[in-house]
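Coordinate inspection notes
Here are the chains, one letter per residue:
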Amino acid sequence: MIKESTLMSDNASESTTLPAGDYLLKKILKGQTLRITDLEGNQAADTIFYNANNTAERYSAMDTIRQQGNVYLTAGSRLLSNFRNPLLTIVADTCGRHDTLGGACATESNAVRYDLEKRCMHACRDSWMLAVAENEALGLTKRDITHNINFFMNVPITPEGGLSFEDGISAPGKYVELLAEMDVLILISNCPQLNNPCNGYNPTPVEITLWGS
Amino acid sequence: MTNPVYSYTLPPASHWSLKVRKGTLLKLTDIEGGGNLGIMFYNPENLLERYNAPDTLKCQHTFKLTTGNCLYSDMGRIFCSIVADDHGWHETVSGNSTVEIIKEKWGELNYQQARNEWQQNGFNSFLVELAKYGMNERDMVSNLNCFSKVEVDRKGNISLAASSSPSGTSVSLRFEMDTLIVMHSCPHPLSTESVYPRKPVLCEFFNAKTVYDNDLCINHCNENKRGFDNNRLYHMGMGR
């Protein structure tokens, strides 16, 4: 569902550009609104959320899909935790659909999907592993790297049970906006994928904007 | 088929876990029909390696799992292959029933009241088994729901197909590496049955036949060939 935001960029409390291949790990307080903007189009922002006060509670694709009765995410979707609590709600979306089934790229899955020689290429899971290692104080480990949302990715399911990665339905400047329902940690890997035609083999930056204090 | 090496009927609303050796074939049978078996997969030598549903689906360009499909770990390896399947569609995105889901659908019936007829849920079943290996909810990722067909319409709405599994429906998993499996026989979280479904699942373990290069699962897609190559690398020095 396409829903425009009513928030003005001039009122934002902060804004950061995240290049492809980098990660962002940031605390967002309950009531704050986060916007992720696909600056150049057809980028994937691979994102995990945690309860900032108890990281054992985290985004669950299974619980979110089951409880909303739909595999796609858009405005109105409540992102549920593994304890069935809402972490954030998507309050605006100019893309219309986001994927939570396709998972993140990893060096290991790249080897399976594309070629065994692709193992050395940078992948989202590597960015997350670095985030875990560089932020030891949070106590996160590989076991906390679970299911994610691929903002701006289009992964349609057919009634016959097929699944494919299609060209994006995103475009330069499209965005998704989320309202934090509790204090959350957001972990974004801005996807470095160089093997998938759906981004034109050209990973690009996203912009992270925050409203509220 | 020869006699099973071991056979056990998992009673309804129960949980179980065990380490399965590479080269084992596990045949699961929905004895009465309408059953559901939740199952998770871990590498017993490194519990941080676990089943990854997104990789499994995207590697094979499928939403449903059936004969020819392989179940992948997050390390690009194959825990097991589906070598036979009467059902044609096992799902891996809906997760588990919970205390709240059971209560909402079928009311509260606790152990004090019902003893072994209690309405156990899938989430707690998995927690109990995971705790035996030092794991907890942080380690609970996605599970396979055998015998359950969850369909998706053009708009992405999901629904559980009613009574998709007649009595005697079976699916056979051939293990391609040593695997810790964690199972429960609790109802599917999207079940619309009017009473709590109590369905046993027969688990029969066989020695799998030798895997040759013309194997159905290896040749299902190029991705699976590479997945098997990854397993070969993993087992290098330990024999085929």
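Above: the structure in question.
Residues numbered from 1 in each chain as written. Chains lettered and ligands numbered in written order. Predicted model: local features only at pLDDT ≥ 70, side-chain atom pairs only at ≥ 80, totals over all residues. Heavy atoms only, no water.

1. Points about helix α4 (residues 122-131) of chain B
Residue and element names in this part refer to chain B. Where α4 is concerned, the buried positions are Gly122, Phe123, Ser125, Phe126, Glu129 and Leu130. One face of α4 carries all of its buried residues, which in axial projection span an arc of 160°. Close packing links the buried residues of α4 with β2 (15-20), β4 (37-43) and β12 (179-184). The N-cap of α4, judged by a side-chain oxygen 3.3 Å from the amide nitrogen of Phe123 a few residues on, is Asn121. (Buried < 20%, exposed > 50% of the residue type's maximum accessible area, 1.4 Å probe, protein only. Helix = DSSP H or I, 4+ residues; strand = E, 2+ residues; numbered from the N terminus. Arc of directions from axis to C-beta. Contact = heavy atoms within 4.5 Å. Polar contact = N/O pair within 3.5 Å; in protein donor to acceptor, adjacent residues only side chain to side chain.)

2. A few points about the sheet that holds strand β6 (residues 78-80) of chain A
Residues and elements named next belong to chain A. One open sheet accounts for six strands, arranged β1-β11-β3-β9-β7-β6; its pairing is antiparallel. Lying at the two open borders of the sheet, with one neighbouring strand each, are β1 (14-18) and β6. For this sheet, the mean angle separating the axes of adjacent strands, direction not counted, is 25°. Alignment of strand β3 (residues 33-38) against strand β9 (residues 174-180), held across six bridges, turns out to be antiparallel. In the sheet register, Thr33 faces β9, and the bridge partner there is Leu179. (Pairing = 2+ DSSP bridges. Axes fitted to C-alpha atoms, helices over the stretch in contact; angles between N-to-C directions.)

3. Thoughts on the environment of Thr141 of chain A
Topologically, Thr141 of chain A is positioned in the loop between α3 (124-134) and β8 (149-151). Taking the C-alpha atoms as reference points, Thr141 of chain A and Asp22 of chain A, separated by 119 residues in sequence, lie 18 Å from one another.

4. A word on the pairing of β4 of chain B
Side chains on a regular strand alternate between the two faces of the sheet. Residues and elements named next belong to chain B. Within β4, seven of the seven residues are buried, which leaves the element mostly enclosed by the surrounding structure. Residues of β4 alternate between two faces, with Leu37, Ile39, Phe41 and Asn43 on one and Gly38, Met40 and Tyr42 on the opposite face, all of them buried. With two bridges connecting them, β4 and strand β5 (residues 46-50) associate as antiparallel partners. Within β5, the position partnered with Tyr42 by the bridge is Arg50.

5. Details of the pairing of strand β7 (residues 86-93) of chain A
Residues and elements named next belong to chain A. Most of β7 sits inside the fold, with six of its eight residues counted as buried. With three bridges connecting them, β6 and β7 associate as antiparallel partners. From the neighbouring strand, Arg78 faces β7, where its bridge partner is Thr89.

6. Here we look at a nonpolar patch on the surface
On the surface, Val5, Tyr6 and Tyr8 of chain B cluster together into a nonpolar patch covering about 290 Å² of accessible area. The residue Tyr8 of chain B is located in strand β1 (residues 6-10) in this model. (Patch = residues over 30% accessible without salt bridge, like charges linked within 9 Å, V, L, I, M, F, W, Y side chains within 5 Å. Areas by Shrake-Rupley, 256 points an atom, 1.4 Å probe, with all protein chains shown as cover. Salt bridge = Lys/Arg side-chain N within 4 Å of Asp/Glu carboxyl O.)

7. Describing helix α5 (residues 222-235) of chain B
One turn of an α-helix holds 3.6 residues; hence residues three or four places apart share an orientation. With 14 residues, α5 of chain B extends 20 Å between its outermost C-alpha atoms, agreeing within 8% with the 20 Å of an ideal straight helix rising 1.5 Å per residue. If you follow the buried residues of α5 of chain B, they end up packed against α2 (107-113) of chain A together with α1 (53-59), β6 (70-72), β7 (78-85) and β11 (169-175) of chain B. (Expected span 1.5 Å × (residues − 1).)

8. Description of the interface of chain B and chain A
The interface is formed by 49 residues belonging to chain B together with 43 residues belonging to chain A. At the boundary of chain B with chain A, total buried surface from both sides reaches about 3,900 Å², with 56% on carbon and sulfur atoms. Sorting the residues of chain B by area buried against chain A places Lys58, Arg138 and Arg226 of chain B first, and these three jointly supply 20% of that buried surface. One can count five salt bridges joining chain B with chain A. For the salt bridge of Arg138 of chain B with Asp144 of chain A, the shortest nitrogen-to-oxygen distance reads 2.7 Å. (Buried area = accessible area lost by both parts, 1.4 Å probe.)

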